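A structural walkthrough
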Amino acid sequence: MNKKRISDPLITVAIILIWLSLLIFIVYPLARSLWISLVVDGKLSLAHYGYVFTHQWLLTPLYNSLGLGVLVATLSTIIGFGYAYGLNRTNMPAKGIFRQLALLPVISPPFMFALSVILLLGKNGLITKLLGLTHFDIYGLPGLVLVQSLTMFPIAYLVLDGVLKAINPDMEDSAFNLGATRFQVFSTVTLPLALPGIASAWLLVFVTSLADFGNPMVLGGGFDVLSVQAYLQVTGMFNVARGATLAVILLVPAMIAFYLQRYWIAKRSYVTVTGKPTSAGVAGVTPVTKWLLTAFASLLSLTILGFYAVIIYGCFVKLWGYNWSFTLENFTYAWDIGKDSMMATVTMAGIATAISGILAMVVAFLMVRKDFFGKKAMGFVTLMGYAVPGTLVGIGYIQAFNSPPLMLTGTMWIIVFCFIFREIPVGIESGVATLNQIDPAIEEASSNLGADSRYTFTHVTLPLIKSAFFASLAYSFVRSMTAVSAVIFLVTARWYHLTALVLSQTEIMRLGAASVLSLFTIIIVMLAFVIIRWCLGSSANSAPRIGG
């Protein structure tokens, strides 16, 4: 494709405005956090980093974060691969249901499963009480591994589902025809071809686990992790510099893992799609393996549904662990304390979704169809919004926008802009992938007929990438409704986010109210998802993804 050099003033203005936005809302907050961590009494110093690396109580959260990330990434990748392999290489029943259930954790509040685990296995949990497990303690590493693995395995599944679909089953069939056994085909053909995808999934889950704030905050107990410690330093000990230092330290492994996945492993993808019709590729498993994988997928799906059922049950229990009588008081109480937050959250998420959806498509259009100075740098900076842990973003925003001329603290706009530039990378990825599949001659024909760039983009390009646009909207809305790690630093009494309210209710053990508020969040997200999927039709099945 011949990418056009910039000659349209409108395109030039758009590039300048986008760069200005990226510098203000991504680069500047991160630079402020880095600056705070490097300055002591007005002079450049590494004293904050020296303090952290010489005090065990601050080093332990770092080791815990890395260890937890490794465990969760490994377990989630194994689960995701087994799930994706079963759905792509067997003729197991109810594949459509299994695919939908695997995505449920993605659209839930990030610590909803942690709340379910507390309701089931906490000190006053349902299972704990029924089995008399008086000395059982789910808080800490075991609980976090369980919850994060269940909530993050969909990331691995989505990546590996695409990888296994891209491996031509004819290669496996050829190996069978040459006399290879099922194990030999799996170990010498399927697995090696899927290895880049497995590594990619592992790194993405590792980055997500490192950045996770909600689950460790709710279920961490004495197992301290870096994201929570950075938050406590800022809000509990009012030591912003040390909080920023911890967040910057958290950024290092997250960025290394993300860009390793993005720019190194992605280039080693062994795509074997040929465009030729293929067989179903289900000969690689025995009937026993098929039913074992079916049982595995069923057990996992039932576990996910079970966690949701516990949340719904918790909505109607008067006092969890002590008084199991039926009540609707939790709904009344949750509505009284949560209706303003609900309206504020939907408002902020709605505004952020609309802006980020359009902005993502414009950036994707520029990245694919235009050739301009700084294009690769623009792609790099936009991806930073996804790779940077939310804790660092939150600290950076409260420091960057706390004084004129960029005084946004206390307004909803600081949260809206945070949502926009945190979620825009996925929309851009979705738009770029779709645009690469569309012949640019269609847009060139519009230009040759006299249409300007604005008309061509709004009347030709945007309708062609409608599926990517709406998929981007869906992802942005879901993420904006369920965000917590960055938002927790930015909320105010006027603009309080629903997930922050769920978190605060969980911390004071108002588990019934927390369950109701979680249910409200899920219902709002599901309604939005259904509406967007209805608008999209079958094209909604192409869920947006990043890094895969």
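Our structure is the block above this text.
Residues numbered from 1 in each chain as written. Predicted model: local features only at pLDDT ≥ 70, side-chain atom pairs only at ≥ 80, totals over all residues. Heavy atoms only, no water.

Helix and strand counts for the chain come out as 22 helices and six strands. Over its C-alpha atoms the chain spans a radius of gyration of 24 Å, differing by no more than 12% from the 24 Å that the globule rule assigns to 548 residues. In terms of overall dimensions, the chain has C-alpha extents of about 70 × 65 × 50 Å along its principal axes. Here the chain holds 548 residues, and the buried ones make up 54% of them. Restricting the contact set of the chain to residue pairs at least 6 apart, pairs at least 24 apart contribute 80%. With the model as given, the accessible surface of the chain reaches about 23,600 Å², and the carbon-plus-sulfur share is 69%. For the chain, the separation between the mean place of its 32 positive charges and that of its 20 negative charges on side chains is 2 Å. (Helix = DSSP H or I, 4+ residues; strand = E, 2+ residues; numbered from the N terminus. Rg over C-alpha atoms; globule rule 2.2 N^0.38 Å. Buried < 20%, exposed > 50% of the residue type's maximum accessible area, 1.4 Å probe, protein only. Contact = heavy atoms within 4.5 Å. Areas by Shrake-Rupley, 256 points an atom, 1.4 Å probe, with all protein chains shown as cover. Lys, Arg positive; Asp, Glu negative; His and termini not counted. Charge placed at Lys NZ, Arg CZ, Asp CG, Glu CD.)

Attention shifts here to empty space enclosed by the protein. Enumeration over the complete set of coordinates arrives at three cavities of 30 Å³ or more. One number sums up the size of the largest cavity: a volume of about 90 Å³. Lining the largest cavity, in full, are Phe25, Ile26, Pro29, Leu30, Met384, Gly385, Val388, Val393, Tyr397, Cys418, Phe421 and Arg422. Those elements that place two or more of their residues in the lining of the largest cavity are helix 1 (9-38), helix 15 (375-387), helix 16 (390-400) and helix 17 (412-435). When residues of the lining of the largest cavity are assigned to their parent elements, the largest contribution, four residues, is made by helix 1. Of the residues assigned to the lining of the largest cavity, the class counts are ten nonpolar, one polar and one charged. (1 Å grid on protein atoms, 1.4 Å probe; cavity = no way out; pocket = protein on both sides within 12 Å on 5 of 7 lines; lining within 4 Å. Points joined across faces, edges and corners; volume = space filled by probe spheres on them. Nonpolar A, V, L, I, M, F, W, Y, C, P; charged D, E, K, R; others polar.)

This next bit is on the nonpolar core. Residues Tyr83, Tyr397 and Ile415 are the most contacted members of the largest nonpolar core, which totals 175 residues. A total of 14 residues in this core trace back to one element, the largest contributor, which is helix 14 (residues 329-369). The residues touching tyrosine 83, leaving out its near neighbours within four places in the chain, are Phe98, Ala102, Phe153, Tyr157, Phe296, Ala297, Leu300 and Ser301. (Core = buried A, V, L, I, M, F, W, Y, C linked by side-chain atoms within 4.5 Å.)

The N-to-C vectors of helix 3 (residues 56-89) and helix 9 (residues 182-211) enclose an angle of 140°; their axes lie 8 Å apart at closest approach. Taken together, the axes of helix 3 and helix 9 lie oblique to each other. The way helix 3 lies across helix 9 gives a crossing that is right-handed. Of helix 9, the residues touching helix 3 (which contributes Ser65, Leu66, Leu68, Gly69, Val70, Val72, Ala73, Thr74, Ser76, Thr77, Phe81 and Tyr85) are Phe186, Thr190, Leu191, Ala194, Ile198, Ala201, Trp202, Val205, Phe206, Ser209 and Leu210. Of the residues assigned to the contact of helix 3 with helix 9, the class counts are 16 nonpolar, seven polar and no charged. (Axes fitted to C-alpha atoms, helices over the stretch in contact; angles between N-to-C directions. Parallel < 35°, antiparallel > 145°, perpendicular 65-115°, else oblique. Left-handed = near helix turned anticlockwise from the far one by under 90°.)

Time to look at helix 7 (residues 141-166). Given a rise of 1.5 Å per residue, 26 residues ought to cover 38 Å, and the 36 Å separating the end C-alpha atoms of helix 7 matches this to within 8%. If you look at helix 7, its biggest bend is around 35°, right at methionine 152, and the proline proline 154 turns up within four residues after that. Of all 26 residues making up helix 7, 20 are buried, and the element is well covered by its neighbours. (Expected span 1.5 Å × (residues − 1). Bend = angle between axes of the 7 residues up to and from the residue.)

It is worth spelling out the environment of leucine 115 at this point. With respect to the helices and strands, leucine 115 occurs in helix 5 (residues 112-121). It is 8.1 Å that separates the C-alpha atoms of leucine 115 and alanine 514, two residues lying 399 residues apart in sequence. Among residues more than four places away in sequence, those in contact with leucine 115 are Ile311, Thr506, Leu511, Ala514, Ser515 and Ser518.

Another point: the pattern of salt bridges. Opposite charge on two side chains allows them to pair when their charged atoms are near. Across all of its chains, the model carries five salt bridges by this definition. Arginine 99 is paired through a salt bridge with aspartate 161; the nearest N and O atoms lie 3.0 Å apart. On the criterion of sequence distance, the pair formed by arginine 99 in helix 4 (residues 95-102) and aspartate 161 in helix 7 is long-range, its members being 62 residues apart. With relative accessibility at 21%, the residue arginine 99 sits in the partly exposed group. Judged by relative accessible area, which is 5%, aspartate 161 ranks as buried. Among the ionic pairs, glutamate 329 bridges to lysine 318, the shortest N-O distance being 3.2 Å. With a gap of eleven residues between them, glutamate 329 in helix 14 and lysine 318 in strand 4 (residues 317-319) connect regions that are remote in the sequence. The partly exposed category is assigned to lysine 318, whose relative accessible area is 36%. One connected set of salt bridges, linked through shared partners, spans Arg99, Asp161 and Lys165. (Salt bridge = Lys/Arg side-chain N within 4 Å of Asp/Glu carboxyl O.)

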